[in-house]
Amino acid sequence: RAGLWASLEASRFKRSQAVLSSQQFALKWVLEAPNRLGLLLHFDSFDRAVQLVREVRSCDLSQHRAGGFEEDVATVSGYMLEERRWALHFAAREVELKATELVDLFVKMLENNQR
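Reading the values: the criteria
Residues numbered from 1 in each chain as written. Predicted model: local features only at pLDDT ≥ 70, side-chain atom pairs only at ≥ 80, totals over all residues. Heavy atoms only, no water. Patch = residues over 30% accessible without salt bridge, like charges linked within 9 Å, V, L, I, M, F, W, Y side chains within 5 Å. Areas by Shrake-Rupley, 256 points an atom, 1.4 Å probe, with all protein chains shown as cover. Salt bridge = Lys/Arg side-chain N within 4 Å of Asp/Glu carboxyl O. Helix = DSSP H or I, 4+ residues; strand = E, 2+ residues; numbered from the N terminus. Phe/Tyr/Trp six-rings, centres within 6.5 Å; stacked < 30°, edge-to-face > 60°. Buried < 20%, exposed > 50% of the residue type's maximum accessible area, 1.4 Å probe, protein only. Lys NZ or Arg CZ within 6 Å of the ring centre and 35° of its normal.

### A few points about a nonpolar patch on the surface
A grouping of Leu4, Trp5 and Leu8 is seen on the molecular surface, where their side chains present a nonpolar patch of about 370 Å² in accessible area. Counting through the fold element by element, Trp5 comes out in helix H1 (residues 2–20).

### Quick word on the packing of aromatic side chains
In the structure shown here, the tally under the stated rule is three aromatic pairs. Between Phe13 and Phe90 the ring centres are 4.9 Å apart and the planes differ by 35°, which places this aromatic pair in the tilted class. One end of the pair, Phe13, is in helix H1; the other, Phe90, is in helix H4 (residues 78–114), and 77 residues separate them in sequence. Where Trp86 meets Phe90, the ring centres are 5.2 Å apart and the plane angle is 20°; that geometry is what we call stacked. With a gap of four residues between them, Trp86 and Phe90 both fall in helix H4, about one helical turn apart. Overall, the relative accessible area of 14% leaves Trp86 in the buried class. Through pairs of rings, three or more aromatic residues link up here, namely Phe13, Trp86 and Phe90. Positioned over the ring face of Trp86 is Arg12, at 3.9 Å from the centre of the ring.

Take a look at the structure:
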């Protein structure tokens, strides 16, 4: 059941990413961060991956009403504003999960170097 919920959330996020990718807003980079982090890890760009995690962690999403889109209130539907907010928080959670994987990878690398 938990796997189904995670799958539904992941599908919702991918749909949100697709819809929101054509829009311009200040925090759009956060939505792209999980994919970007995955690529950085794939290509062993660990310094850049750690920097991206720091940037996402330092972005306080809670202080942005409607996900930092107050300027769009007149032109964007309430539903889309809420979807942006949800997608930003989902992206931040995904980055945190990948950051945990990154730490695990670093620990394994250190263990292998000590053998």
